[in-house]
Each structure stands twice: as C-alpha cells, then as structure tokens.
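This is what each chain is made of:
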Amino acid sequence: MGIPTIKHVRAFTLRGGGADYHDQADGHWIDDHIATPMSKYPEYRQSRRTFGINVLGTLVVEIEASDGTVGFAVTTGGEPAAYIVEKHLARFLEGAKVTDIEKIWDQMYQSTLYYGRKGIVINTISGVDLALWDLLGKIRQEPVHQLLGGAVRDELQFYATGARPDLAQKMGFIGGKMPLHHGPAEGEEGLRKNLEELATMRERVGPDFWLMLDCWMSLDLNYATKLAVGAHKHGLKWIEEALPPDDYWGYAALRNNVPKGMLVTTGEHEATRWGFRMLLEMGCCDIIQPDVGWCGGLTELVKISALADAHNALVIPHGSSVYSYHFVATRHNSPFAEFLMMAPKADEVVPMFHPQLLGEPVPVNGRMRLSALDQPGFGVTLNPECQLHRPYSR
Ligand SMILES: C[C@H](O)[C@H](O)[C@@H](O)[C@@H](O)C(=O)O
Ligand SMILES: [Mg+2]
C-alpha cells in the first residue's frame, strides 16, 4: 500500500472566538481596557476590537488525502489567509505525498518570501502545516506528539492567562498572567494603577504563586524599566512582550535593566527560525513564546525550539490549544504551558478554542495527563455546528 497523496486543499473562514480568540462579545476580560500600541489614541483605549484586533477571524485549513482521510487545523487568518491558501499555497500540496511536510513547508515559505516572512502569510503557512501534521497522524493512527519523537513527560502543567490569577490559583494552575491595563499615555497615574493591581493580586495569592504581567507590545523601554523595578517588590516573575516585536535592541536593554531574578519574555508575534534567532542571539529574553499557529507551524517550531535549547532558553508557546499541548509534551525545554482563560470573567475553565474544536482537552487542576492527548493527529474534530464559509473555492 503506497503512501497516500494529497487530493484536495480547502480553506474556510469562521467567526466568533475559536482560534481568533480575541473575537469575543462585550464584557469579556480579554477586551477590557488592556494596554496596547494603540492606547496612545484615547478612542481606541477601552476595547481592542475598536482598532480591529478581531478583524481577521479564524482560518480553517482542510486537507483530503487519496485514501479519503481528512486532516484540518485552525489559526488566526480569516479571508486573506483563505485567499493565500487557495490561490497560492494549494499548488504545492495537491499531488504531493502526505509525508512531504518538510518540502511543502520550504516551498510555501520560499514562494511567499517576496510578500511574506511574518504576519498573515506565516499564520497561513502555519495553518497549512498544522493540518498536514493532523492528516499524517490520522493516516498513521498516531497522536502528533508520537510523530514528533514521543513525550518527555506524562503530565503537562499550566499557568493561566486572565483577569483572575486568584481564581486560577484555586483551580490548581501554577501561576497567573494578568493583562496590563495602562500604558505610557496614561502617565504616572496609569503606572501607579498597574502596580496597585499587581499588589492587590499578590495580597490575594500569597507570596509563592507565580504572577506575571502581559504588556502586549504597549510600552517603551523607560516605562517598562520603571514598571519592572516597581513590580519587583510584588514578586513579578516575568514581564511579557513589553516592547514592539521589532525592537530587538530595546528588549536586550530591558533584559539588562530589570531587577535580578525577574524574567523577560516575548515572541508570540515573532515568526520563523530567523526571527527567533534574532531574539536569542541578541539576548532579548529568557523565555521565548512562539505561537505555533503564527510562527510557521509545528515544522518550524521544532527548528525554533532546537535553536532555543542551544541557548539554554525555555520555549513556552503562546496558548494555542492542542497545537501547543502536543508540542510541549515532547520538549524538555518546555516544562510548562500556557492556558488562556476564555470564560468572560476568567472564573471557569472552558476549552481555549471553544466552540470550534470537539474533543478539545482542558487542564484539570491545572494539569493535563498525556493520556488526554492519545487520539490520532491533534485528536480534535471541527464542530459541525460552526458555520464554515469557503470564500475562494476552486
Ligand atoms: C492577555 C493578552 O493581552 C493577550 O490577549 C494574550 O492573548 C497573549 O498576549 C497571551 O500571552 O496569552
Ligand atoms: Mg502574551
């Protein structure tokens, strides 16, 4: 029985949460006055949706093999990504063997170099790559973590990202990462409020529970330095994505400025082994946080992780549901993972990509047994109740 070939590639879009998890209704913690690079404009300060954080929506990539098996994946990308899949990338897949994952990745990357390299194009390549791994796993009837060489641990542990680290502590998570609410445009008063919020949370969780701040690219070096210095007495474990992704020089300086023992982390909006090489070789951060749905996919994340390992850096992927869980299980330098609290008040555990993935596992008491990831591929199926739209059918 020969190796199946790829017969069809289809790109769909979905709205409403899921992989584009910022696409939420009013009242959600994830869209409540969070500091961003747009916070300098008061009209865009209260809600990230007002400036378009959810403008793309979800891309669904579906790949059908000659034996009838179908693999799929979801990521952030929506219609522009669907166009790139159908009009550009599909030609490198249809007719190829399902095992041609490395070659397909290289052809997708090299052929889009003139307009890609980062952002939506690499998101799109990531989505195709993840769907290929899902397909191969389903054909071989193996979970992706086994295709990657096998797990190094039989249980994953998670920190929680959300507005309520105090509740996350009660749910068994190992730490809580809070969004930063005030940026430089709100001056000393905003800085004071940021530190007061951290102090209040430290009071609630006690001295040992990890607390982190996620700054979502919103600060400048001076403000980030003052925030880190002020946060040190409240035991801030790491300051995340304080600066814009391209400011490698600023991150290297921030890493020298922060108090001893505080970690600097970034990377969720960085892409490919070359972007992460810059972060690592310029000494920008202690932990890199690639999103496997945005950095180039699993094929690229394996390369990024090996690079980080050589630099003794941890790889703690930005929360991306099953796509990061299967990866983290297999890497010694990924000792814990992120779980994004997608309940509007961050007061209960719901699947990260809800409602798009059926069979999506969630941490229980802040942990996930490897046995929760034992289904073929990424172990999930598309929710048939989600309204798929195929904007560029061929
Ligand atoms: C909470 C942050 O503002 C982002 O919404 C979050 O998605 C990301 O930065 C993270 O690290 O989870
Ligand atoms: Mg982040």
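Just so you know, these numbers come straight off a predicted model, no measurement behind them.

**A few points about the UniProt feature "domain: Mandelate racemase/muconate lactonizing enzyme C-terminal" (unreviewed entry) in the protein**
And then number 1: This chain's UniProt record puts "domain: Mandelate racemase/muconate lactonizing enzyme C-terminal" (unreviewed entry) on residues 155-261.
And then number 2: For residues 155-261, helix accounts for 44% and strand for 21%, while the C-alpha atoms at its two ends are 27 Å apart.

**Structural notes on helix α7 (residues 221-232)**
And then number 1: The end-to-end C-alpha distance of α7, which contains twelve residues, comes to 16 Å, matching closely the 16 Å that a straight helix rising 1.5 Å per residue would cover.
And then number 2: Every buried residue of α7 is listed here: Tyr223, Ala224, Thr225, Leu227, Ala228, Gly230 and Ala231.
And then number 3: Its buried side turned inward, α7 meets α6 (187-205), β6 (210-214), β7 (236-240) and α8 (248-257).
And then number 4: Put simply, Asp220 is the residue that caps the front of α7, since its side-chain oxygen is 3.1 Å from the backbone nitrogen of Asn222.

**Comments concerning empty space enclosed by the protein**
And then number 1: Scanning all chains against the criterion turns up four cavities of 30 Å³ or more.
And then number 2: One number sums up the size of the largest cavity: a volume of about 130 Å³.
And then number 3: Residue lining of the largest cavity: 16 residues in total, with His22, Arg48, Thr161, Asp214 and Trp216 positioned closest to the centre.
And then number 4: Looking at the lining of the largest cavity, the elements that each hand over two or more residues are β5 (175-179) and β11 (337-340).
And then number 5: Here the lining of the largest cavity is built from residues that sort into seven nonpolar, three polar and six charged.

**Let's talk about the UniProt feature "active site" (unreviewed entry) in the protein**
And then number 1: UniProt records the feature "active site" (unreviewed entry) at His318, using the numbering of this structure.
And then number 2: Checked against the element boundaries, His318 lands in the loop between β10 (314-315) and α11 (321-328).
And then number 3: A residue is classified by how much of its surface remains accessible, and His318, at 4% relative accessible area, is buried.
And then number 4: Within polar-contact distance, the side chain of His318 engages the side chain of Tyr21 at 2.9 Å.

**Comments concerning the site of ligand 1**
And then number 1: Residues in close proximity to ligand 1 total 15 residues, the closest being Tyr21, His22, Lys177, Asp214 and Glu338.
And then number 2: Between Glu268 and ligand 1, the recorded distance is 2.9 Å, taken from a side-chain N or O atom to an oxygen atom.
And then number 3: For ligand 1, whose free accessible area comes to 320 Å², the fraction covered by protein is 100%.
And then number 4: When each cavity is represented as a set of grid points, ligand 1 is found to reside in the largest cavity.

**What to know about the packing of aromatic side chains**
And then number 1: According to the stated counting rule, one finds 16 aromatic pairs in the structure shown.
And then number 2: On the numbers, 5.1 Å between centres and 15° between planes, the contact of Trp105 with Tyr109 is stacked. Remark: Tyr109 and Trp105 occur in helix α2 (residues 101-111); sequence separation between them is four residues, near one turn of the helix. For the pair formed by Trp105 and Tyr109, the shared burial category is buried.
And then number 3: Taken together, the aromatic side chains of Phe158, Phe173, Tyr325 and Phe339 make up a single cluster linked through ring pairs.
And then number 4: Looking at Lys237, its charged tip hangs above the ring of Trp210, at a distance of 4.1 Å from the centre.

Scoring rules and cut-offs
Residues numbered from 1 in each chain as written. Chains lettered and ligands numbered in written order. Predicted model: local features only at pLDDT ≥ 70, side-chain atom pairs only at ≥ 80, totals over all residues. Heavy atoms only, no water. UniProt positions renumbered as here; feature names shortened; annotations may be inferred. Helix = DSSP H or I, 4+ residues; strand = E, 2+ residues; numbered from the N terminus. Expected span 1.5 Å × (residues − 1). Buried < 20%, exposed > 50% of the residue type's maximum accessible area, 1.4 Å probe, protein only. Contact = heavy atoms within 4.5 Å. Polar contact = N/O pair within 3.5 Å; in protein donor to acceptor, adjacent residues only side chain to side chain. 1 Å grid on protein atoms, 1.4 Å probe; cavity = no way out; pocket = protein on both sides within 12 Å on 5 of 7 lines; lining within 4 Å. Points joined across faces, edges and corners; volume = space filled by probe spheres on them. Nonpolar A, V, L, I, M, F, W, Y, C, P; charged D, E, K, R; others polar. Near = heavy atom within 4 Å. Areas by Shrake-Rupley, 256 points an atom, 1.4 Å probe, with all protein chains shown as cover. Sits in = over half its atoms within 2 Å of the grid points. Phe/Tyr/Trp six-rings, centres within 6.5 Å; stacked < 30°, edge-to-face > 60°. Lys NZ or Arg CZ within 6 Å of the ring centre and 35° of its normal.

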